[in-house]
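Descriptive structure summary
One-letter residues, chain by chain:
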Amino acid sequence: MTAAAIIGMGAICSAAAGVERGFEAIRQGTDGLSRFDAFETGLKLAPLCSPVKQVPGLSQAPNRTAAMALCAAQEALAPVHNRRNLKLHIIVATTVAGMSRSEVFYRKFREDPTTAALAAQELGHHEPTALSGFLCENLGGASFCTLSTACSTGLHAVGMAKRSLTQGADLCLAVGADALSLLTIRGFSSLMLIDPSGCKPFDKRRAGISLGEGAAAMLLASEKAVRLLGVAPLAFVTGWGATADCHHMTAPHPAGDGAMRCMRAALNEAGLTPAKIGLIVSHGTATPDNDLAEITALSSVFAVVPPFCSLKRTLGHTLAASGILEAVFAVCAMQHGCILPTAGFQQPDEAIGRSPARYREQPLEHVLKNAFGFGGNNAAAVISREATG
Amino acid sequence: MRYFSIISAAAVIPSVDEAWAGEIPASMRRRDPRIWHMAHVAVARCIAKSQSHPASILTATALGALDETKNFLDGIYSDGFGSPKNFIASVHNGMAGKLSLDLKIPGPNLTLCDGPNSFASAIAACECLYASDFPVLVVAVDESVELLDRLSPHLSEPCRRVIAGSKREGAIAFILSDTLAGGYPRIGSTGPLFIGNVKPDEAFNNNIPNAGGTPTVIMPTEAGGGFIAAAVGAFDFIADPRRARTVIGSFSPSSKSISLIDLCP
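Residue numbers restart at each chain and count upward from 1, following the sequence in its written direction. Labels follow written order: the first chain is A, the first ligand is 1, and so on. For a predicted model such as this one, the threshold for reporting local features is a pLDDT of at least 70, and the threshold for listing and counting side-chain atom pairs is 80 or more; totals across whole chains, interfaces and linings nevertheless cover every residue.

Brief notes about the overall build of chain A
Secondary structure assignment for chain A yields twelve helices and 14 strands. Radius of gyration here uses only the C-alpha atoms, and the compact-globule reference equals 2.2 Å multiplied by the residue count raised to the power 0.38. Relative to a compact globule of 389 residues, whose C-alpha radius of gyration would be 21 Å, chain A shows 20 Å and is just as compact. Burial in this document is a count-based property: other C-beta atoms within 10 Å of a residue's C-beta are tallied, and the residue is buried at 20 or more, exposed at 12 or fewer, or partly exposed in between, with C-beta positions derived from the backbone. Counting across all 389 residues of chain A, residues that qualify as buried make up 65%. A separation of at least 24 residues holds for 81% of the contacts in chain A among residues at least 6 apart in sequence. Only DSSP runs of H or I reaching four residues or more are called helices, and only runs of E reaching two or more are called strands; each is numbered from the N terminus. A pair of residues counts as a contact when their C-beta atoms, built from backbone coordinates, are separated by no more than 7 Å.

What follows is the structure, encoded as structure tokens:
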């Protein structure tokens, strides 16, 4: 079996802590954005973001990213009460890691160099790898790796978890997490990529992204582990694609070349023709270029483009978490048998020539998830009801 | 553990290599950060030696372009403006993206950030690639950051040792093949293993790969410290004509983990 069984999932996002509650917000097409006031951003107008209102366990965690990651991971591991001595390998996806804490420390340090004395406690979890160590410590992980490929990271973690099983691992937890930070809010703002009125994926009026924060986790198991643990798979990861655009550091290839090759690679690994895909949970960031390039790529891969959606207006763009967070909700769509709506979409764009789907009930056998990132970094994954790969 | 053939290796260690700066392409000199310069020159040297073009890239970096992050925050905290150039460069996978763009490497493009275990993590990640993704370019790169030097006295002793290590700055590039023919030296990795409160040396001894024979063992404390110590050790192994099987350990205090690189002649 080359497919990887998904036996547990967890999520925390602006809508809720917990997969089912988060999915309900998505199914209803909830607008998850609000004026950001958690800290001073220095921008004239507070941006519309999707912050997590209450992060469980925040006071016991080294930082916000770690608290959200642990929350999602614990939910994903909950179905397995006894691991039967199977070693847990953890693949962690993050871009900011402990930045939300580091940047506050650095500001104080600039103003008062004597605060350097606090460096050990304030910067101890700055590094991305510290998040992996924290998760291993709290979850009984045996080994790990830490990925950071910007907005595609979370989906790459899912793909690498799948491949780790084919290389002999039995139990692999993919986790993606990123907290909102001044660095990312001001960074995307400096690139003029944030839409002041909130993101509107695939809409004619779209003018950029809205940032969010959150975490998600998927517990993948080998065939042997599924048998040993006596659990029923929720779905299967059947294909993963990973490519580079080789075009521009921040802009997508205009013809969606890298994205197209990536989707084809994922479909190829899953052993599927494009016609088998019932839903595409797009990257759909709502920047003018990204949405157009993604649709162009979809049109190249699919003779008939299946229903597609973007979840960014409900969840915000959660960066390294986005790929896996939206993949978790793609599994939910498959379980509930429904096409997901795209909050924020109203006016079709003639340049795109296609509109995202409206909510409707429909059985799904295979879903494609895309995630693209800085540096022309592309990820795609196929999730299937059965282990077809 | 799976092994890969090392078909080419090259390094830029600024402390012992004054020539490297002359090899930075003019198009990168003013615009791109120094850490990207080091990676680019090491990779260009590596590809020139190998005569083969990589299909994918795995970058190993503990902190990425941390200086660019600092510069971006300095801009916000001083005059309220953060430079988009600094922000783009601050992203951990910026280097891998730039390399794929400059060298037209269209396959998987992943960045592994596991502190001193980053190189071992990247080698282990090669196991997740398909045959069509080879040859793979693995680049270990980190830079010394003045801010960290200032803060270092206030960090924990193990972290201080890493930051102040003799192998804290440079770029080492390897091109790996998934076939084990051709008489090339081989490399394999455990990837990071979580050890919690077990002493690193003890955990290290318990995990030395049983690949036949008695290897020369370089413990983390002997590797010289620094984020790139394991990669430098692997490069030194390649450069040594009398090489014998060597196992190089690394330890990350931030994640309480060790890793082992196994090098076979």
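Further notes follow.
Some words on the interface of chain A and chain B
Residue-level contacts link 53 residues of chain A with 55 residues of chain B. Counting only elements with at least two residues in the side of chain A that touches chain B, the list comes to α3 (99-111), α4 (119-123), α5 (128-139), β5 (143-147), α6 (153-166), α7 (182-190) and β8 (235-244) of chain A. Here the side of chain A that touches chain B takes seven residues from α5(A), the largest share from any one element. Amino acids are sorted into nonpolar (Ala, Val, Leu, Ile, Met, Phe, Trp, Tyr, Cys and Pro), charged (Asp, Glu, Lys and Arg) and polar (every other residue, Gly among them). Each residue belonging to the side of chain A that touches chain B can be placed in one class, and the counts come to 23 nonpolar, 22 polar and eight charged.

Structural notes on the nonpolar core
One nonpolar core equals one set of buried Ala, Val, Leu, Ile, Met, Phe, Trp, Tyr and Cys residues connected by C-beta atoms within 7 Å. Judged by nonpolar contacts, the single largest core of 236 residues is most densely connected at A72(A), V175(A) and A42(B). Start and end points for every domain follow an automatic or database-based domain assignment. When residues of this core are assigned to domains, at least three fall in each of domain 1 (4-177) and domain 2 (186-264) of chain B. The residues contacting A72(A), other than those within four sequence positions of it, are G10(A), A11(A), I12(A), V175(A), A177(A), A215(A), A216(A) and A217(A).

What about α7(A)?
Burial analysis of α7(A) places nine of its nine residues in the buried class, the great majority of the element. For α7(A), every residue scored as buried is listed here: L182(A), L183(A), T184(A), I185(A), R186(A), G187(A), F188(A), S189(A) and S190(A). On its buried face, α7(A) sits against α3 of chain A together with α3 (66-79) and α4 (84-90) of chain B. Where α7(A) ends, the next residue or the one after it, M192(A), has phi of about 55°, a positive value.

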